[in-house]
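What follows is each chain in one-letter form.
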Amino acid sequence: MDNGVAENSSPTRPKWRKVAYGGMQPGFDDNHTDESFLEDIVMNANVVKRDMLKVMQDSVSISEYLCIVALVGLVWTYTLRSTLDETSLLYLDVSLLGSGFLLLLLTEEMLSVNLLLHYLLNVFFFTTGLYVLAPIYQTLTRSISSDSIWAVTVPLLMLHLFLHDYSGSTVRAPGALNNPTLTSCISLNASIVASVFIASRLPSSIHVFAIMLFSLQVFLFAPLITYCIKKYSFRLHLCFAFSLMAMTLAFVYTLHRLLFVLLLGLLVFVTVVCPYWLIRLQEYKFEINGPWDEAKLCFAVTD
Amino acid sequence: MGEPKRHRILMVSDFFYPNFGGVENHIYYLSQCLLKLGHKVVVMTHAYGNRSGVRYMTGGLKVYYVPWKPFLMQNTLPTFYGTLPIIRTILIREKISLVHGHQAFSTLCHEALMHSRTMGCRVVFTDHSLYGFGDVGSIHMNKVLQFTLADVSQAICVSHTSKENTVLRSGLPPEKVFVISNAVDTAMFKPALERPSDNEIVIVVISRLVYRKGADLLVEVIPEVCRLYPNVRFIVGGDGPKRVRLEQMREKHSLQDRVEMLGAVPHARVRSVLISGHIFLNSSLTEAFCIAILEAASCGLLTVSTRVGGVPEVLPDDMVVLAEPDPSDMVLAINKAISILPTIDPQVMHDRMKKLYNWHDVAKRTEIVYDRALKCSNQSLLERLSRYLSCGAWAGKLFCLVVVIDFLLFRLLQLWQPAEDIEVVPDILLSQGEDKRDADKLRVFNGDQCLK
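Residues numbered from 1 in each chain as written. Chains lettered and ligands numbered in written order. Predicted model: local features only at pLDDT ≥ 70, side-chain atom pairs only at ≥ 80, totals over all residues. Heavy atoms only, no water.

(A) Spatial organisation of unusual backbone geometry. All names here are of chain B. Put simply, Tyr-17 and Pro-18 share a cis peptide bond, and its omega is 15 degrees. Looking at the secondary structure, you find Pro-18 in the loop between β1 (8–12) and α1 (22–36). A positive phi angle, close to 50 degrees, is found at Met-73, a residue other than glycine. Structurally, Met-73 is set in the loop between β5 (70–72) and β6 (75–76). The exposed category is assigned to Met-73, whose relative accessible area is 58%. If you check the backbone angles, Gln-74 has positive phi at about 70 degrees while not being a glycine. Assignment of secondary structure puts Gln-74 in the loop between β5 and β6. (Helix = DSSP H or I, 4+ residues; strand = E, 2+ residues; numbered from the N terminus. Buried < 20%, exposed > 50% of the residue type's maximum accessible area, 1.4 Å probe, protein only.)

Dropping the structure here:
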C-alpha cells in the first residue's frame, strides 16, 4: 500500500483526482501523494532583486540624516559651552530659515503664492509660539542635574534615529502627511523632548528661544528639504549629502577625535557594510505562496 | 489483516461542545461513529464556565472537562508541563492506546500530544485550518507545529490543499499525511418538503461576520446584486465585528426590505434558515474545508463560493459555482447561479450528498489511520530526540531540552503517584438497545469509579 504503486486488478484504474468528496478514491490510499502535489506553489514571487550600487545610493539619505542630527548635537554642545552666543544663534536660525525657503522655491516647480503664504503664516505662528513659551522651557528642569539631562538626551536621540521614517523623505508630498506611522510620531516626539531638555539648561530666555527654534526647524523641516532636493535632481542630492557629510566630519574632528572616529565608522557602516550585508542575506529569502494563502482584497476597506 | 482491533482513543482539543464550530462538530461526529464501530472514545477539553469535571454524552461518550480556564480565544494557558499529571492520570485510567489531537491552534492539544509521546502512546494529529507563512503569529505557530509533528505517528488533513499547507509548514514527509475530509449530518440537514416559491430568489448567507470570512466582499456584492436583479432577496445570519458595516450598507442603499439581518443563528436553527433560500453564498477569504457549504448542499441549495483554499475540492462542479474573491466576479457567479437554478432539484442534491459525504465513511478511513499508527515502532527517548534535533539549529536543541524535562517530570510522577495506585475504568460497552434506566445506573457507576 505505498503511494504511487498499487496492486490493481484491472488494467485501467481511474485517475486520481484532487477532490475531497466521494470518500476514499478507488485504488488509492488516503495518503497517496500525486505528482501534482505542490505544483501550485510559487516561491519568492515578490522578492526584489537588489543592485549594490542602487542600495548604496539609497543609503546616502540615511547617512545624510545622521550627519544632520550630528550637526544639531554639535550646535547644542557649542551653545552649552557658551562658544556660540545668542546673537550668532539667532543669525543661524534666520539664515537656515531663509535658505530653506529659497531651496523650496528653487526646487518646487509648481509652488503657488497661496501655498507659500500658507507656509510663511505657519512659520510665523510657530516662531511666535516658541517665543512666548521660551520662559517656561527655561525653568523646566531647574531641579534636575545636568548628568540626568545628558543621560536622557542621548538615548532619546538614539531612539529618534532608530525610529525615524527614512523613507518619508522620498515618498511624502510637501505639506501633506499621508498616514504617519506610529514609529515616526514617536521619533519626532523623542527629538522634540531632547531639544527641550537641552534648551532648559541655558541661562537666558533668548538663548532658549534661539536654540529651540534651531532644533525644531531642523527636526521638523529637514526631511521636507531633503525630499525636495532629491525630487528635483538626484545629482544635486548626492552633492548636497556628500558636502554635508564632509562639513560634519570636519566640525566633529575639531571637537573631539574619538567622536570623529565613531562618526566616520558609523557612516562607513551605513553606506558600505550594510548594503553588502543586505544583498548577501537576500539569498536566504524563501517566500512561499500558493492556493492556501488568504485572498487579498483588491479594494480598500473604508470604515 | 486479522480481526479488527478495538482501539481506545483519546480525542484532545480546546474546542468542543458547548461551543459550536467546525472542529467541535468534527470531533463529536467522528467520536460517535467510532463508538458505533466498537472502539472506545474519550474526549478531553478544558472547562467551559461551570461545565467542569466528567460528563457523558450520547452513546456513552465520556468527556473530561479539565478544570483549566481558557485564557485567549478559547485556548488554555500554555504551561508546558502543567497538564502532565492530569493527562497521565487519564491515559492510565482509561487505558488509552492512541491519542488524537485536533487543531493546530489549540495549546491543550500540543501539550497533550507531547505528554502522550513521553508516555509512549501513539499519536495522531488532525489539522483543520490553513495558515500563512509571513506574519509573526504564523511563524510562531508553524514552529510549534513543527515541534509537535516531529514525533507524531500519522497526521490527517481535511483537504488536499490543507495537506500541502501542512507539509510545507511542518516539514512532515507527505506519505505520513492522510487526507480525510469532513462530512455532514445529512439526516439533520434535509431539504424543505415544499420548495420556496420561485418568483423571488432568496440568497442565504450564514457566517461569522469577520474579515476572514469575507464580510467586506459581501458589503460590495449585495448592493450590486440587488441593483441588477429586482427579484432577489438576501438573508444574512451571523454576528461579528463587521455587522456594523453591513448595517451601514443596508441604510446607505435603502435595502431594508431586501436584506434581512438575523443576528447570531444558533446551530439548531441553521437548517430552518437554510431551507428558506435557493442559493447559499460563501465569501470567505480562506478556508481549509468549508462545512457550511456541505450543510447548504445537503439542504438542496445551490452554492456560490469564492475559490480559496480547499473549497474547489469540496463539491462537484455542478453543485457549486466558484468565483474569484473579487466583487465583480462574484456578481457574475451569482448571475450564473440564478440562470441554472431552475435545473436544480433539492431532493436530488440531498440524495447525492448522502452518497458523497458520510461520517461513517470518515470513521472507517480514520480507523485505517489508527491501525497504521499502532503499527509504528515505539521509539526510545534517544531516537525521539534525534527527530527533534533536526527541527533547526537553535530550535532543535531547545525542543530536546523541553522533551527531556518532560521525561524527567514523568519519571518523577511515576515515583510519586505510581500507576498501580490509579484505578482503571472498567470497559463497559453501551449497546444500542440499552434501557434508559440501565444507562443511567451505568453512568452513576462509572461516575463513582472516576471520582477520586
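Moving on from the model shown.
(B) Just the interface of chain A and chain B, in detail. Taken together, the contact pairs 33 residues of chain A with 42 residues of chain B. Both sides together, the interface formed by chain A and chain B hides about 3200 Å², and carbon and sulfur atoms give 61% of it. For chain A, the biggest contributors to the area lost against chain B are A:Tyr21, A:Asp30 and A:Trp292; these three give 21% of the whole. On inspection of chain A and its partner chain B, the count reaches four salt bridges. Here A:Lys18 ties to B:Glu164 by a salt bridge, and the two come within 3.5 Å at their closest N and O atoms. Taken together, the connections running from chain A to chain B amount to twelve residue pairs in polar contact (both at pLDDT 80 or more). (Contact = heavy atoms within 4.5 Å. Buried area = accessible area lost by both parts, 1.4 Å probe. Salt bridge = Lys/Arg side-chain N within 4 Å of Asp/Glu carboxyl O. Polar contact = N/O pair within 3.5 Å; in protein donor to acceptor, adjacent residues only side chain to side chain.)

(C) The arrangement of the UniProt feature "domain: Glycosyl transferase family" (unreviewed entry) in chain B in detail. Residues annotated in UniProt with the feature "domain: Glycosyl transferase family" (unreviewed entry) correspond here to residues 197–339 of chain B. Taken as a whole, residues 197–339 of chain B contains 35% helix and 21% strand, while its terminal C-alpha atoms sit 16 Å from one another. (UniProt positions renumbered as here; feature names shortened; annotations may be inferred.)

(D) The arrangement of the pattern of salt bridges in detail. Residues and elements named next belong to chain B. Summed over all chains, the structure comprises 23 salt bridges over all chains. Of the charged contacts, one joins Asp-151 and Arg-387 as a salt bridge, the two residues approaching to 3.4 Å between their closest N and O atoms. In this pair, Asp-151 sits in the loop between α4 (136–149) and β9 (154–157) while Arg-387 sits in helix α13 (residues 381–389), placing the two residues 236 residues apart along the sequence. Classification of Asp-151 by relative accessible area gives buried; the value is 1%.

(E) Seen up close, the UniProt feature "domain: PIGA GPI anchor biosynthesis" (unreviewed entry) in chain B. Feature annotation in UniProt assigns "domain: PIGA GPI anchor biosynthesis" (unreviewed entry) to the following positions: residues 46–135 of chain B. Summarising residues 46–135 of chain B: 24% helix, 31% strand, and an end-to-end C-alpha distance of 28 Å.

(F) Main features of the side chain of A:Ser187. Residue and element names in this part refer to chain A. Its place among the elements puts Ser-187 in helix α6 (residues 182–199). Taking relative accessible area as the criterion, Ser-187 reaches 1% and is therefore assigned buried. Beyond its immediate stretch of four places on either side in the chain, Ser-187 contacts Leu-159, His-160, Leu-163 and His-164.

(G) Local environment of helix α3 (residues 113–138) of chain A. Residue and element names in this part refer to chain A. Here α3 spans 37 Å end to end across 26 residues, near enough to the 38 Å set by a 1.5 Å rise per residue. At Val-132, α3 shows its largest kink, close to 40 degrees, and the proline Pro-135 lies no more than four residues downstream. Contact partners of the buried residues in α3: α2 (86–107), α6 and α7 (205–232). (Expected span 1.5 Å × (residues − 1). Bend = angle between axes of the 7 residues up to and from the residue.)

(H) Main features of the UniProt feature "transmembrane region" (unreviewed entry) in chain A. Per the UniProt annotation, the sites labelled "transmembrane region" (unreviewed entry) are residues 59–78, 90–107, 119–137, 149–168, 180–200, 206–229, 236–253 and 259–279 of chain A. Structurally, residues 180–200 of chain A is divided into 86% helix and 0% strand, and its ends, taken at the C-alpha atoms, are 29 Å apart.

(I) Inspection of helix α8 (residues 234–255) of chain A at higher detail. All names here are of chain A. The end-to-end C-alpha distance of α8 is 32 Å, a good match for the 32 Å that 22 residues give at a rise of 1.5 Å each. Buried within α8 we find His-237, Leu-238, Ala-241, Leu-244, Met-245, Thr-248, Leu-249, Val-252 and Leu-255. End-on view of α8: buried residues confined to an arc of 130 degrees, all on one side of the axis. Projecting away from the buried face of α8 at angles above 90 degrees are the exposed residues Arg-235 and Thr-254. Turning to α8, the residues buried within the fold contact α1 (52–80), α7 and α9 (257–281). The N-cap of α8, judged by a side-chain oxygen 3.4 Å from the amide nitrogen of Arg-235 a few residues on, is Ser-233. (Arc of directions from axis to C-beta.)

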